[in-house]
Amino acid sequence: MAKTAERPATSGEQRETGVWAARLAALGPGILMASAAIGGSHLISSTQAGARFGWQLAFVIVLANLLKYPFFRFGPQYTVESGRSLVEGYARKGRGYLWVFFVLATVSSVISTAGVGLLGAVILGFMLPDAWAPGIPALATAMMASAWLLLVAGHYRALDAVTKVIIVTLTLATITATFMAASAGSERVAGFVEPTPWTWATLPFLVALMGWMPAPIEISALNSLWIQAKQKLHPSRAKDVLFDFNVGYATSAVLALFFLSLGALVQYGSGVEVASQGGAYVDQLLQMYGTAIGQWAVPLMAAIAFACMYGTVITVIDGYARACAESLRLLRGETEFSRGSLNLWVSGITGVGLVIVVAMSASLATMLTFAMISAFLTAPVFAWLNFSLVRGEGSLSPGLRYLSYAGLVYLAGFAGLFLLDFAGVLG
């Protein structure tokens, strides 16, 4: 029998294949940003939002992601258009701007590392049998030491490979768990009255929810540094870099809604009081999945939660270490920061973060709330810095320009509202 000749690919098909090959090769920095974002904001705040208020805060999550989008996008846009990172852009605006970023990044690095590290250790402790669990400090030490070893030994190549696996696994598992919860249906106790989130008492929770949704805006500076590292290994076109960013940002935004849905489907209206402590809430949420879906779902959800937090620990340490090393390099007027300098910052952030974990293992909720609110209060500063860099040196479409103005009003307005409420002027 004669073989049927294969039809040769047309030039258009070849071009299309080449375009997608280039886009896939560019994936990396945006995925790292998504991994850094999917931490306390998703696992704790998003699920608690669903557990406490059902789907009422879904539009708040959408609004936060939409209005912060330009300021995160300006990271890759500025880097590919100018060839400089956002940190270098801050330095070009003046040493004062760079000092502000350096100080805030240094403080945020250890607070964020401690917060996500402690939460990851709590989840790991939940996964282990009681007889095997050595305690939160020991688990945090093991987890953060493994992250440190991965970063010191492999740096960007190892980070790039590991986070892609984590994000894909997390996304598939979260979507699967949500549909399982939806198929099981939600049950509300008799006489349940829907609470409203629109009160002054709820304002701190809303600010914390929006503070790390999808991430602190200074993560955009970390993303620009990851892009520079990726470009050294595999140069990509501007369109492909923005494609990578959009994939990562959209993944983070969509997963936030899935986590909110999990809280709404499993816990909202169940009659069980939502725990305010982050660690207690994780334990509560995982146990309720066993009740609503079946005990087989508990290990799955625990694995999702731990993968989420471990990926966040790795990317937070690496990203902030790069940002601090680059800031110090620019302040000193050096040509390029060395690998030794980066290793030193990785070690310092890991070590100080671990000390905070050991010292504050009983104050997880306080630490996370403080970090989230701090991120929201500093967000207008970083948002304006990013906007001013791209407005002055890059191409900015009318749509992005107007969305940026709306985002600045939103960030500054809510920050001011929270400060007035905190001072007792309102309410």
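Residues numbered from 1 in each chain as written. Predicted model: local features only at pLDDT ≥ 70, side-chain atom pairs only at ≥ 80, totals over all residues. Heavy atoms only, no water.

For the protein chain, the name recorded in an unreviewed UniProt entry is Mn2+/Fe2+ NRAMP family transporter, with Nocardioides marinisabuli as its organism.

Caption draft 1: A look at the overall build of the protein chain. A count of helices and strands for the protein chain gives 15 helices and 0 strands. Residue burial in the protein chain is summarised as follows: out of 427 residues, 56% are buried. Taking the contacts inside the protein chain whose residues are at least 6 apart along the sequence as the reference set, 87% of them involve residues at least 24 apart. (Helix = DSSP H or I, 4+ residues; strand = E, 2+ residues; numbered from the N terminus. Buried < 20%, exposed > 50% of the residue type's maximum accessible area, 1.4 Å probe, protein only. Contact = heavy atoms within 4.5 Å.)

Caption draft 2: Just the environment of Phe337, in detail. With respect to the secondary-structure elements, Phe337 resides in the loop between helix H12 (297-332) and helix H13 (339-359). Residues Phe337 and Arg322, 15 residues apart in the sequence, show an inter-C-alpha distance of 8.9 Å. With residues up to four places along the chain from it excluded, the contact list for Phe337 reads Arg322, Ala325, Glu326, Arg329 and Leu342.

Caption draft 3: Fine view of the confidence of the model for the protein chain. Of all residues in the protein chain, 87% have pLDDT values of 70 or greater, and the mean over the chain is 81. Across residues 1-6 the pLDDT falls below 50, and counting only partners more than four positions away or on other chains, this stretch makes 0 contacts in the model. (pLDDT = per-residue confidence, 0-100.)

Caption draft 4: Highlighting helix H9 (residues 219-233). With 15 residues, H9 ought to run about 21 Å at 1.5 Å a step, and its terminal C-alpha atoms sit 21 Å apart, in line with that. Of all 15 residues in H9, 12 are buried; the element is thus mostly enclosed. Buried residues of H9: Ile219, Ser220, Ala221, Leu222, Asn223, Ser224, Leu225, Trp226, Ile227, Gln228, Ala229 and Lys230, and no others. (Expected span 1.5 Å × (residues − 1).)

Caption draft 5: Representation of the pattern of salt bridges. According to the stated counting rule, one finds 5 salt bridges in the structure shown. In this structure, Glu88 engages Arg329 in a salt bridge whose closest nitrogen and oxygen atoms are separated by 3.6 Å. Highlighted residues: Glu88 in helix H5 (residues 86-93) and Arg329 in helix H12, separated in sequence by 241 residues. The residues Glu88 and Arg329 share a single accessibility class, namely buried. Between Glu326 and Arg329 there is a salt bridge; the shortest N-O distance is 2.6 Å. Here Glu326 and its partner Arg329 are both found in helix H12, 3 residues apart, which amounts to about one turn of the helix. Taken individually, Glu326 and Arg329 each receive the classification buried, so the pair is uniform in this respect. Salt bridges linked by common partners bring Glu88, Glu326 and Arg329 together as one network. (Salt bridge = Lys/Arg side-chain N within 4 Å of Asp/Glu carboxyl O.)

Caption draft 6: Highlighting the packing of aromatic side chains. Going through the model one piece at a time under the given rule, you end up with 17 aromatic pairs. Among the aromatic residues, those joined into a cluster by ring pairs are Tyr69, Phe72, Phe245 and Tyr249. Stacked on the ring of Phe205, the Lys or Arg Arg52 has its end atom at 4.6 Å from the ring centre. (Phe/Tyr/Trp six-rings, centres within 6.5 Å; stacked < 30°, edge-to-face > 60°. Lys NZ or Arg CZ within 6 Å of the ring centre and 35° of its normal.)

Caption draft 7: Expanded view of a nonpolar patch on the surface. Together, Phe59, Leu63 and Trp198 line one region of the surface with nonpolar side chains, adding up to about 320 Å² of accessible area. The residue Phe59 is located in helix H4 (residues 58-82) in this model. (Patch = residues over 30% accessible without salt bridge, like charges linked within 9 Å, V, L, I, M, F, W, Y side chains within 5 Å. Areas by Shrake-Rupley, 256 points an atom, 1.4 Å probe, with all protein chains shown as cover.)

Caption draft 8: Summary view of the side chain of Glu88. Using a relative accessible area of 18% as the deciding quantity, one classes Glu88 as buried. At 3.1 Å, the side chain of Glu88 forms a polar contact with the side chain of Gln228. Sequence-distant contacts of Glu88, defined by excluding residues within four places in its chain, comprise Gly83, Gln228, Glu326, Arg329 and Leu330. (Polar contact = N/O pair within 3.5 Å; in protein donor to acceptor, adjacent residues only side chain to side chain.)

Caption draft 9: Seen up close, the packing of H5 against H12. Close contact between H5 and H12 brings their axes to 10 Å; oriented N to C, the two are set at 30 degrees. As judged from the angle between their axes, H5 and H12 are roughly parallel. Two packed elements cross with a definite hand, and for H5 against H12 that hand is right-handed. Taking contact as the criterion, the partners of Val87, Glu88 and Ala91 in H5 are, on H12, Glu326, Ser327, Arg329 and Leu330. Class assignment for the residues of the contact of H5 with H12 results in 3 nonpolar, 1 polar and 3 charged. (Axes fitted to C-alpha atoms, helices over the stretch in contact; angles between N-to-C directions. Parallel < 35°, antiparallel > 145°, perpendicular 65-115°, else oblique. Left-handed = near helix turned anticlockwise from the far one by under 90°. Nonpolar A, V, L, I, M, F, W, Y, C, P; charged D, E, K, R; others polar.)

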